[in-house]
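Listed here are the chains, written in short residue letters.
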Amino acid sequence: MKLIMRADDLGFSEGVNYGILKAVKNGVITCVGIMTNMESAKHGYELIKDYDIAFGQHTNICVGKPLSDPALIPSLVKENGEFCSSKEIRNRKEDTIDIKECEIEIEAQLKKFQEITGRMPDYFECHAVSSHNFFIALKSIAKKYNLFYENPLFDKDWEKENGIVALPFAKLDEKGLYDAKKHMKDHLTLIKENPCTIAIFHPGYLDQYILEHSSFTFIRAMECEFLCSDWLKEWIKDHHIELVDFRNYK
């Protein structure tokens, strides 16, 4: 039984970066995705670059500013040149994201990933936006650069092809939280029945930027503590679950 523990959103803010650092240093995270267009991306990478984890590109087209010229990607940005929010994109009646425009921004973020890390990403996936056109663009750039495209949960064909099945996202309560212990216990059978599963988390501390720009707030601090908990470490050990990452399982 193999389990990938993925933390998303490195670079979203300094608070998130420090929370991810704790989840890597004291917890069970094996993979971290970087939002390279964000101002705190390099800060986050410098905090955890020396840990033995896989680093991915957490491609972002819905928070902050693009790295490419906004004039070249009108389907992705607002009049002020910043990205349209994930909520705005979800509320569209059809998928108006332009694939070619998306490829321009994805490549710009990949170039920034190389500038920050000095290498190519161990895996290649997306942040927050479930768009068929976005997925097409990601797969296209991944193929162009021979990168490991990763899209569990949203793409069941991908899961079958790669033998990696995602734990479903938890249903959040009115406070935006969930019972993390119960969530893991409820999906133990899924972990046992598949050669490899992946659990996706968003650990982090809260700062003003997150409070103003993310719908995930309290959940970040909660997941950070959970990922470092003795309970989770013992649960993984007791059920003989092997923690892996995309470098040794792809």
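A brief structural summary. All values reported here derive from a predicted model rather than from experimental measurement. Position labels on residues start from 1 in each chain and follow its written sequence. A pLDDT threshold of at least 70 governs which residues receive local features in this predicted model, and a stricter bar of 80 or more applies before side-chain atom pairs are shown or counted, although totals over entire chains, interfaces and linings include all residues. Excluded from the side-chain calculation are hydrogens and water; included are all heavy atoms of the structure.

## With respect to the pairing of strand β4 (residues 123-126)
Side chains on a regular strand alternate between the two faces of the sheet. Exposed residues in this analysis have more than 50% of their type's maximum accessible area, buried residues have under 20%, and partly exposed residues fall in between, with area computed by a 1.4 Å probe over protein chains only. Secondary structure elements are defined from DSSP: runs of H or I of at least 4 residues count as helices, runs of E of at least 2 residues count as strands, and each element is numbered from the N terminus. Here β4 shows two buried faces, one formed by Tyr123 and Glu125 and the other by Phe124 and Cys126. In this sheet, β4 lies alongside strand β3 (residues 54-59) in parallel orientation, the contact comprising four bridges. Following the sheet pairing, Gln57 is matched in β4 by Phe124. One bridge is not enough; two strands pair if DSSP finds at least two bridges between them.

## Observations concerning the nonpolar core
In summary, soluble globular proteins display a tendency toward joint burial of nonpolar side chains. Counting 78 residues, the largest nonpolar core has Met5 and Val32 as its most contacted members. It only takes one pair of heavy atoms within 4.5 Å for two residues to be counted as in contact. With residues near it in sequence (within four places) discarded, Met5 still touches Val28, Ile29, Thr30, Cys31, Ala199, Phe201, Leu227, Leu232, Leu243 and Val244. In these notes, a set of buried Ala, Val, Leu, Ile, Met, Phe, Trp, Tyr and Cys residues joined through side-chain atoms within 4.5 Å is what counts as a nonpolar core.

## Concerning the environment of Tyr123
Along the chain, Tyr123 turns up in strand β4. When the C-alpha atoms of Tyr123 and Tyr149 are compared, they prove to be 6.0 Å apart, with 26 residues separating the residues in sequence. For Tyr123, the residues in contact, after removing those within four places along its chain, are Arg6, Cys31, Val32, Gly33, Ala54, Phe55, Gly56, Gln57, Phe148, Glu150 and Phe246. At a separation of 3.1 Å, a polar atom in the side chain of Tyr123 contacts the main-chain amide nitrogen of Gly33. Counted as a polar contact is a pair of N or O atoms within 3.5 Å, where, for protein atoms, one must be capable of donating a hydrogen and the other of accepting one, and residues adjacent in sequence contribute only when both atoms are in side chains.

## Side note on the pattern of salt bridges
We define a salt bridge as a contact between a side-chain nitrogen of Lys or Arg and a carboxyl oxygen of Asp or Glu at a distance within 4 Å. One pass over the full model with this rule turns up 16 salt bridges. Among the salt bridges present, the one from Asp8 reaches Arg6, with a minimum N-O distance of 2.7 Å. Arg6 gets classed as buried once you look at its relative accessible area, which sits at 5%. Here Asp186 and Lys182 are joined by a salt bridge, their closest N and O atoms 2.7 Å apart. Note that Asp186 and Lys182 are positioned in helix α7 (residues 180-186) at a spacing of four residues, about one turn of the helix. Among the residues examined, Lys182 registers a relative accessible area of 45% and is labelled partly exposed. If you follow the salt bridges from partner to partner, you end up with Arg6, Asp8, Glu125 and Glu150 in one network.

## Details of a nonpolar patch on the surface
Each patch is built from residues lacking any salt bridge and having more than 30% relative accessible area; the joining distance is 9 Å for like charges and 5 Å for nonpolar side chains (Val, Leu, Ile, Met, Phe, Trp, Tyr). Shrake-Rupley sampling with a 1.4 Å probe provides the accessible areas, and residues are treated as covered by the protein chains on show and by no other component. Taken together, Leu206, Leu211 and Phe218 make up a surface patch of nonpolar side chains, about 290 Å² in accessible area. Relative to the helices and strands, Leu206 resides in the loop between β6 (196-201) and α9 (208-213). Residue classification places Leu206 among the partly exposed residues on the basis of a relative accessible area of 33%.

## Points about unusual backbone geometry
Positive phi, normally seen in glycine, also occurs at Leu153, with a value near 75°. By the element assignment, Leu153 lies in the loop between α5 (132-144) and α6 (156-162). One non-glycine residue, His240, lies in the positive phi region at around 55°.

## A short note on the packing of helix α1 (residues 14-25) against helix α10 (residues 218-227)
Any two packed helices are characterised by how steeply their axes cross, that is the angle between the axes, and by the distance between the axes. The angle between two axes is taken between their N-to-C directions and runs from 0 to 180 degrees, where each axis is a line fitted to C-alpha atoms and a helix contributes only its stretch in contact. In the contact formed by α1 and α10, the axes pass within 8 Å of each other and the chain directions differ by 20°. When the axes of α1 and α10 are compared, the pair comes out roughly parallel. Both α1 and α10 take part in a crossing whose hand is left-handed. Counted together, Val16, Gly19, Lys22 and Ala23 of α1 and Arg220, Cys224, Glu225 and Leu227 of α10 form the full contact between these two elements. Throughout this entry, Asp, Glu, Lys and Arg are counted as charged residues, while Ala, Val, Leu, Ile, Met, Phe, Trp, Tyr, Cys and Pro are counted as nonpolar. The remaining residues, Gly among them, count as polar. Across the contact of α1 with α10, the residue classes break down as four nonpolar, one polar and three charged. Geometric relationships in this document are graded by angle, where less than 35 degrees denotes roughly parallel, more than 145 denotes roughly antiparallel, 65 to 115 denotes roughly perpendicular, and other angles denote oblique. The hand of a helix crossing depends on one turn: near helix anticlockwise from the far one by less than a right angle means left-handed, and clockwise means right-handed.

## A closer look at the environment of Thr30
Looking at the secondary structure, you find Thr30 in the loop between α1 and β2 (31-34). The buried category is assigned to Thr30, whose relative accessible area is 10%. Once the C-alpha coordinates of Thr30 and Val244 are considered, the two residues, 214 residues apart in sequence, prove to be 6.5 Å apart. Those residues in contact with Thr30 that lie beyond four places of it in its chain are Ile4, Met5, Ile53, Ala54, Leu243, Val244 and Asp245.

## Quick word on helix α4 (residues 99-117)
Expected helix span is given by 1.5 Å per residue-to-residue step, counting one fewer step than there are residues. Under the 1.5 Å per step criterion, the end-to-end length of α4 is 26 Å for 19 residues, consistent within 8% with the ideal 27 Å. Every buried residue belonging to α4 is among Glu101, Cys102, Glu103, Glu105, Ile106, Gln109, Leu110, Phe113, Ile116 and Thr117, and all of these are buried. In this structure, the buried residues of α4 make contact with β2, α2 (41-48), β3, β4 and α5. Regarding α4, its N-cap is Asp98, as a side-chain oxygen of that residue lies 3.1 Å from the backbone nitrogen of Lys100 further along. Two residues or fewer past α4, Gly118 is found with a positive phi of approximately 80°.

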